[in-house]
Structures are given as C-alpha cells and as structure tokens.
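Commentary on secondary and tertiary structure
Here is what each chain is made of, one letter per residue.
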Amino acid sequence: MLPYFVDNYGNPSSIHRVGQKVRKKIEDSRDIISNLLKINPNELIFTSCGTESNNIAIKGVARAYKNRGKHIITSVIEHPSVLNTCKALEKEGFEVSYIPIDDKGIVNLEKLKEAIREDTILISIMHGNNEIGTVQPIKEIGAIAKENKIFFHVDAVQTIGKMELNIKENNISLLSFSGHKFYGPKGIGGLYVKNGIKLEKVLTGGHQERNRRPGTENVASIVGMTKALELSYENMEEESKREKELRNYFEEEIVKKIPELILNGDREKRLPGTSSVTIKFVEGESILLNLDFKGIAVSSGSACTSGSLEPSHVVLALGVPMEHAHGTIRFSLGRYNTKEEVDYVLEVLPPIVEKIRSMSPFWNN
Amino acid sequence: MYSEKVIDHFSNPRNVGKIENPDGYGKVGNAACGDVMEIFLKIEEDKIKDVKFRTFGCAAAIATSSMSTEMILNKPVEEALKLTNKAVAEALDGLPAKKMHCSVLAEEGIQSAIEDYMSKKDKS
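Residues numbered from 1 in each chain as written. Chains lettered and ligands numbered in written order. Predicted model: local features only at pLDDT ≥ 70, side-chain atom pairs only at ≥ 80, totals over all residues. Heavy atoms only, no water.

With that settled, consider the overall build of chain B. Looking only at helices and strands, chain B features 5 helices and 3 strands. In sequence order, the secondary structure elements of chain B are arranged as α-β-β-β-α-α-α-α. Taken over the C-alpha trace, chain B has a radius of gyration of 14 Å; the compact-globule value for 124 residues is 14 Å, and the two agree within 12%. Projected onto the principal axes, the alpha-carbon positions of chain B cover approximately 45 × 30 × 20 Å. Taken across its 124 residues, chain B has 52% of its residues classed as buried. A separation threshold of at least 6 residues defines the contact pool for chain B, and within that pool the share at least 24 residues apart is 62%. With an accessible surface of roughly 5,500 Å², chain B has 48% of that area assigned to carbon and sulfur atoms. (Helix = DSSP H or I, 4+ residues; strand = E, 2+ residues; numbered from the N terminus. Rg over C-alpha atoms; globule rule 2.2 N^0.38 Å. Buried < 20%, exposed > 50% of the residue type's maximum accessible area, 1.4 Å probe, protein only. Contact = heavy atoms within 4.5 Å. Areas by Shrake-Rupley, 256 points an atom, 1.4 Å probe, with all protein chains shown as cover.)

Attention now moves to the UniProt feature "domain: NIF system FeS cluster assembly NifU N-terminal" (unreviewed entry) in chain B. As annotated in UniProt, the feature "domain: NIF system FeS cluster assembly NifU N-terminal" (unreviewed entry) corresponds to residues 1–122 of chain B in the numbering used here. Helix makes up 47% of residues 1–122 of chain B and strand 22%, whereas the separation of the span's terminal C-alpha atoms amounts to 44 Å. (UniProt positions renumbered as here; feature names shortened; annotations may be inferred.)

Glancing now at helix α3 (residues 80–91) of chain A. Residue and element names in this part refer to chain A. In this model, α3 (12 residues) spans 16 Å end to end at C-alpha, consistent with the 16 Å of a helix rising 1.5 Å per residue. Those residues of α3 that fall on the buried side of the exposure criterion are S81, V82, L83, T85, C86 and L89. Structurally, α3 contributes buried residues whose contacts are with α2 (50–64), β2 (71–75), β3 (95–99), β4 (120–126), β5 (151–155) and α11 (313–317). A positive backbone phi angle near 105 degrees is found at G93, which sits one or two residues after α3. (Expected span 1.5 Å × (residues − 1).)

What follows deals with unusual backbone geometry. Keep in mind that most residues, glycine aside, have a negative phi and that most peptide bonds are trans. Residues and elements named next belong to chain A. Unusually for a residue other than glycine, N211 sits at a positive phi of about 70 degrees. Tracing the backbone through its elements, the reader meets N211 in helix α6 (residues 208–211). You can call N211 partly exposed: its relative accessible area is 44%. Positioned with a positive phi, F281 is a non-glycine residue whose angle comes to about 70 degrees. As for its position among the elements, F281 is in the loop between β9 (274–279) and α9 (284–293).

Moving on, we come to the environment of H153(A). All names here are of chain A. Tracing the sequence through the fold places H153 in strand β5. Given a relative accessible area of 0%, H153 falls into the buried group. In the structure, H153 is positioned 42 residues away from K111 in sequence and 18 Å away in space, judged by C-alpha atoms. Excluding anything up to four places from it in sequence, H153 contacts N54, A57, I58, L122, I123, S124, I125, L174, L175 and S176. Looking at H153, its side chain comes within polar contact range of the side chain of N54, at 3.3 Å. A distance of 2.8 Å separates the side chain of H153 from the side chain of S124, its partner in a polar contact. (Polar contact = N/O pair within 3.5 Å; in protein donor to acceptor, adjacent residues only side chain to side chain.)

With that settled, consider the pairing of β3(A). Residue and element names in this part refer to chain A. Pairing of β2 with β3 involves 5 bridges; the strand directions are parallel. Each residue of the ladder has a partner; that of I73, found in β3, is S97. Note that the unit made of β2, α3 and β3 has a crossover that is right-handed. (Pairing = 2+ DSSP bridges. Right-handed = clockwise from strand over helix to strand, strands pointing away.)

Moving on, we get to the sheet that holds β4(A). All names here are of chain A. Strands sit in the order β1-β7-β6-β5-β4-β2-β3 across an open sheet of 7 strands; the sheet is mixed. If you trace the sheet from one side to the other, it starts and ends with β1 (44–47) and β3, each paired once. Put simply, the sheet's adjacent strands are angled 20 degrees from each other on average, direction ignored. (Axes fitted to C-alpha atoms, helices over the stretch in contact; angles between N-to-C directions.)

Quick look at the pairing of strand β1 (residues 24–30) of chain B now. Residues and elements named next belong to chain B. Relative to strand β2 (residues 35–44), β1 runs antiparallel, the two sharing 7 bridges. Each residue of the ladder has a partner; that of G26, found in β2, is I39. Counted between consecutive antiparallel strands, the loop separating β1 from β2 contains 4 residues, among which G34 sits at a positive phi close to 95 degrees.

Taken together, the contact pairs 26 residues of chain B with 25 residues of chain A. Carbon and sulfur atoms supply 66% of the area buried between chain B and chain A, which totals about 2,000 Å² over both sides. Contact with chain A buries area across many residues of chain B, yet F10(B), R54(B) and F56(B) alone supply 29% of it, more than any other trio. One can count 1 salt bridge joining chain B with chain A. Put simply, K99(B) and E285(A) hold a salt bridge, and the shortest N to O gap is 2.5 Å. Contributing elements (two or more residues each) for the side of chain B that touches chain A: α1 (4–11), β2, β3 (47–56), α2 (59–72) and α5 (100–123) of chain B. (Buried area = accessible area lost by both parts, 1.4 Å probe. Salt bridge = Lys/Arg side-chain N within 4 Å of Asp/Glu carboxyl O.)

This brings us to the packing of aromatic side chains. Considering all chains together, one arrives at 8 aromatic pairs over all chains under this definition. Plain terms: the ring middles of F362(A) and F56(B) are 5.3 Å apart, the flat faces sit at 75 degrees to each other, and that makes the pair edge-to-face. Taken together, the positions of F362(A) in the segment after α13 (339–358) and F56(B) in strand β3 put the pair across two chains. Over the ring of Y65(A) we find K198(A), and its NZ or CZ is 5.2 Å from the ring centre. Seen from the ring of W363(A), R357(A) lies directly overhead, with NZ or CZ sitting 4.3 Å from the centre. (Phe/Tyr/Trp six-rings, centres within 6.5 Å; stacked < 30°, edge-to-face > 60°. Lys NZ or Arg CZ within 6 Å of the ring centre and 35° of its normal.)

Encoded structure:
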C-alpha cells in the first residue's frame, strides 16, 4: 500500500504517465478480485465500505427500476445500512416487506415466497449475519428470485474472504463486501453488479467506475484490500476450520462454566468465528467493560451501548425476551486468535458474570 | 467515554447489597428497558444510617447507584430527597449525554425508597 501513498501518487483519472501507472494498478486489482470472486472485472465497483455498497445497490436498483415496480423484500435481521436504506426508500414511495427469521436465525423462505408480488423488483438478504453469524440460504433465495425475475442483492460483508460463495451459480445480481472484514484496510469496499443491471447514481459527479460510482478511487486501500483478499483465499478453508474448532470449544466450555446462558443462532449454518451468547440477568455493557479491563475486546448488542432503549433487533427477532436480550455479547474469533486466548476468556468471564449478577436484583442465588 | 470516577464506581461499587427489614425500600426501572435499581434504607431519627443497592444495568447505571448511595449516607431524609440526577452526574465528573437517563434511575430510586419510609411512618 505504501508506494500508493508516496511514490505513485498520481490521480488514476489523469492521462499523464504517473496517473496512468496508478490506473493500471487499480485495474490489476480489479482483475485479481474478480478472478477470486469468479466474476467479470467490469462487474466490480470499488466503494468506500459495505454501507456505501449496500446504499448503491439498493437505492440504485430501486430508483432505476421504479417504473417496473415499487416493492422490495428484505429481512428483519439485516445490517442497519440495509434496513435504514429500505426505510429511506419507503419515504420515496417504495413498499418494503421485512421477512422474519426462525428461532435459529434463518430467514423463513415460505414467508419470503409469500411476500413476492407482481411489482417486487428487489430482494436483499445478507449472507452472514453480523451479530449472530447465521448464514442464510442464498442458493434457495437466488433460485426464488430468478424464477420470479426479481433482482437479488446479497450483503456479503461478513462472509467474503471467509466462506466460499459462488455469485454466478447462486443467481446473485448485486453483492456487497468490505475490506476490513478480511483484514484489509478500513474504509474500502466493493460492489458486484451483474452486467446489464441499471443503477441510478447515489452520488453524482464524474465518470469513475464506469459512471456508476463517481469520486476519486481510494488507490492505496484498493491495493491493500486486494492483497488481503488474496491472502484470505490462500488459506480460507484451513483458517475457517481452525476458527470453527476454536469457537466450538469456547461454546462447549462456556455453557458449563456459566449457568443461565443461551447460545444464539443455528449451530451449523453460521460464520466460523462468531459466537453470540445471551447471559441472563446481566447487562451487556457491564460485561463488555469488565472484559475490556482484562484486555478482551467484545461487542455488545445492549441497548445502553447504542444509546437507545431497545436491545439488538437481531436478538429480539430470534425470540429472546427483551429482559434477557440486554445481556447479549458477541465474541469474534479471527485469524490471530489462539486457544490460549480462548482459555483466558473462559477463565476471566465466569467471575465477571458472577460479580455483575451479585449486584442484580434479578439474581437471588 | 466514561470519566475515571464512573469507572471507579462501576468497578468497585460502594454499598452493594440488601438490608433485611429495611425502613425504606424502592424499586424503579424496567428490565425490558435494561435498567432496574433496588434501594434499601435503614433510617434512625429521620437520618439515613445505612443504604444498600442492587442494580441491573450498564456501567453508568451501576456507577450512579453507587455514587448516589454515598451522597445520601448519614444525611437527613429531607436532604436526601433533594438529591438530583444532575448532582449525581456532576459528582461522577459527568456522564455521556446518552447515559444521562441512567442517572435519573438513581434519583428516582432514592425518592421511591424515602417515600416508602414516609408512608410507613405516617401509618404508624
């Protein structure tokens, strides 16, 4: 990445040699990523992040095809960048159906089929969920979309670089991904747009990215993201297996050590390194901070952390009661985590939970 | 995000626990909203001789519970009744704006426990 901050500083849109040298590097990067994702290079747009990719995909398709129909289907557990984009489109006159999930965190396909109308133009369903890690039946949804001639957008931010997903074979029309989810730089992302699909521009400006996403390309980050994706693909299967084993070990042990703890989401259909646990009678932020004091960084879907009174919409959609949903913690295991670190969490977490519970009016043991 | 005082009171909360047969008891908040505070008072001659709390909630909720109990201990009930959430937050060197609602819990908890004490006193 460094040479593209310093030596190769040219603007890729300029026709001078320093600019064109940088242009070449961007196009090489596009080729490499397209090759890994098994798509055509002209089907890949570089964006600034997963959120931007989701916005361009959903708003772009909805507005470009509004004469064909004004109905969109998504699920209740999507990332806010999808849910809030859909809500924004509702204000423009679009109608959105939010499909529920089952108690394992998988989108209900029957409800999805029932929601299809003559004016449905787009289905947007994520591949892996960012909070509970469940992996959705993309193949089946792709087939449903194809049969009904509906565009299919997949938010694959959590899975690209971690799990194989054949874009073409699964009838995916648009697919979002983000660099930092596979150890690339933060603030860079990509969007696959199947050839032939029209997109109305979300940003207006110049001609970059084949006139679909104007703005100067983030060259150094594109280079970094490309290298990161190459490295991820080199040992994806092996790494995935390792993370899954670590995660499963963590879950097997934690249920033994902490009473009144729920493991969220399907046991099998999920991301290898994600573990979402709901610890009853505690509030997530208290656990998060205590773990942070011990050098362990986790994420909490608790209300107080986000500033609203509602706990995670994903955990609630699973059917976890509101009073327990506040005690949800997400552990993410990645490439650099070791068994020793998992053992350390298993050692420090139970006394933390005990301490927090001893302060709780709901814990009388 | 939190001041050192908030972290201190959250990590080492003062006056945690229960008082058997309290002179005043209050429970405020709602588990569904993520915050519940329970407060127990031991009162002699209208003075708070002991106070204990149990709180389910975030760091701000626990820290404000802890700080507010310290602020009313050994104070006359009339004075304790005047304790505001703003004063508790100030004593903690401030709270993030989105956490101010947690300090309201402490104010309401103490008021509720004192009201319980006063209503019992009126009856006797």
